[in-house]
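# Remarks on the overall topology
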Amino acid sequence: MHLNLSADEVLKTTRSVRKRLDFDKPVERAIVEECLEIALQAPTGSNSQGWHWIIVEDAAKKKSLADIYRKNWAIYASAPGREYAAGDTRGERMDLVRDSATYLAENFEKAPLLLVPAIEGRLDNPPSFATASQWGSLLPAVWSFMLALRERGMGSAWTTIHLMNGGEEEAAKLLGIPYERISQAGLFPIAYTKGTDFKPAIREPLSKVLHWDKW
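The following refers to the structure shown. Being a predicted model, the structure only gives us computed values, none of them experimental.

### Quick look at the overall build of the chain
In terms of helices and strands, the chain carries 8 helices and 6 strands. Starting at the N terminus and ending at the C terminus, the chain contains elements arranged as α-β-α-β-α-α-α-β-α-α-β-α-β-β. Projected onto its principal axes, the C-alpha positions of the chain cover 45 × 45 × 40 Å. A separation of at least 24 residues holds for 84% of the contacts in the chain among residues at least 6 apart in sequence. A total of about 12,300 Å² of accessible surface is found on the chain, and carbon and sulfur atoms cover 54% of it. Mean positive and mean negative side-chain charge positions of the chain (27 and 28 charges, respectively) differ by 3 Å.

This is the structure we're talking about:
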């Protein structure tokens, strides 16, 4: 199924989907591989193509990854949140974001598939040039993957919490990822969505973040 959205529509309506993930509808491997073929057309520094994509469909492994995520989510969710000024739309929507994030944490393993995108190299302490170059060779491809899912009536959510507190190394052991030379970029549920009528998100105005010639 293709939604036949314009490029602008796909870009404006691809959300981190949590509560509207359909946990009961199977996801075909062929469609995921089709989306990844699109993702591989994303830019990559020096044409390095150092990305790797680990798709998890084994129920026991999904549960183990979800447990790693939940352990870290409990810590993250109990920490003091960022304070926003009155009228800031980010603060006004924080309760909704937290509620949907909690829902995903509680149900992560129910997603038909999970994705762990990764890149060659350990990126714990290199200088900013090195980390920017490496992540810049993977994250555009991850976003392209999410856009391709959206066009096919599917969704995901960009999460990184499983990487906290040694969780990345736990996940690496679980999935056979060579931790000493491969860095994970996140954990992404993959599912069809309940409905496809996603809208542009509420964002702070461009004028607050746009700088011409100087800060």
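### A short note on the pairing of strand S6 (residues 188-193)
The buried fraction of S6 is high, at 6 of 6 residues. Sheet analysis places strand S1 (residues 21-22) next to S6, joined by 2 bridges and oriented antiparallel. In the strand pairing of S6, Leu21 is matched with Thr193. As paired strands, strand S3 (residues 113-120) and S6 are joined by 3 bridges and run antiparallel to one another. Residue pairing for S6: Leu114 is matched across the bridge by Pro189.

### Re the layout of surface pockets
Empty space within the largest pocket amounts to approximately 1,500 Å³. Residue lining of the largest pocket: 38 residues in total, with Ser16, Arg18, Val97, Ser100 and Arg203 positioned closest to the centre. Where the lining of the largest pocket is concerned, the elements lending two or more residues are helix H3 (59-78), helix H4 (89-92), helix H5 (94-107) and helix H7 (139-151). Per element, the largest residue contribution to the lining of the largest pocket is 7 residues, and it comes from H5.

### Here we look at the pattern of salt bridges
Applying the stated criterion across every chain yields a total of 11 salt bridges. Between Arg29 and Glu57 there is a salt bridge, and its shortest N-O distance comes to 2.2 Å. Remark: Glu57 occurs in the loop between strand S2 (51-56) and H3 and Arg29 occurs in helix H2 (residues 29-39); sequence separation between them is 28 residues. On the basis of relative accessibility, which here comes to 55%, the residue Arg29 falls in the exposed class. Look at Glu57 and you get partly exposed, because its relative accessible area is 39%. Of the charged contacts in the structure, one is a salt bridge between Arg122 and Asp124, with a shortest N-O distance of 2.9 Å. What emerges from the salt-bridge pattern is a single network uniting Lys63, Asp67, Arg70 and Glu109.

### Regarding empty space enclosed by the protein
For the coordinates displayed, the defined rule picks out 1 cavity of 30 Å³ or more. Of the volumes computed, that of the largest cavity is approximately 40 Å³. Considering the residues around the largest cavity, the lining is formed by Thr13, Thr14, Arg15, Val17, Met146, Arg150, Met154, Gly155, Ser156 and Phe198. Put simply, the parts of the chain that give the lining of the largest cavity at least two residues each are H7 and strand S4 (154-155).

### Side note on the packing of H3 against H5
H5 packs onto H3 with a crossing angle of 155 degrees between their chain directions and a minimal axis gap of 9 Å. It follows from the interaxial angle that H3 and H5 lie roughly antiparallel. Relative to H5, H3 is oriented so that their crossing is left-handed. Within the contact between the two elements, H3 uses Tyr69, Arg70, Trp73 and Ala77 and H5 uses Arg98, Ala101, Thr102, Ala105, Glu106 and Asn107.

### Focus on helix H8 (residues 167-175)
Among the residues of H8, Gly167, Glu168, Ala171, Ala172 and Leu175 are the ones counted as buried. Each buried residue of H8 lies within a common arc of 140 degrees when the element is viewed along its axis, so the set occupies one face. Within two residues after H8, Gly176 carries a phi angle of roughly 75 degrees, on the positive side.

How each quantity is defined
- Residues numbered from 1 in each chain as written.
- Predicted model: local features only at pLDDT ≥ 70, side-chain atom pairs only at ≥ 80, totals over all residues.
- Heavy atoms only, no water.
- Helix = DSSP H or I, 4+ residues; strand = E, 2+ residues; numbered from the N terminus.
- Contact = heavy atoms within 4.5 Å.
- Areas by Shrake-Rupley, 256 points an atom, 1.4 Å probe, with all protein chains shown as cover.
- Lys, Arg positive; Asp, Glu negative; His and termini not counted.
- Charge placed at Lys NZ, Arg CZ, Asp CG, Glu CD.
- Buried < 20%, exposed > 50% of the residue type's maximum accessible area, 1.4 Å probe, protein only.
- Pairing = 2+ DSSP bridges.
- 1 Å grid on protein atoms, 1.4 Å probe; cavity = no way out; pocket = protein on both sides within 12 Å on 5 of 7 lines; lining within 4 Å.
- Points joined across faces, edges and corners; volume = space filled by probe spheres on them.
- Salt bridge = Lys/Arg side-chain N within 4 Å of Asp/Glu carboxyl O.
- Axes fitted to C-alpha atoms, helices over the stretch in contact; angles between N-to-C directions.
- Parallel < 35°, antiparallel > 145°, perpendicular 65-115°, else oblique.
- Left-handed = near helix turned anticlockwise from the far one by under 90°.
- Arc of directions from axis to C-beta.

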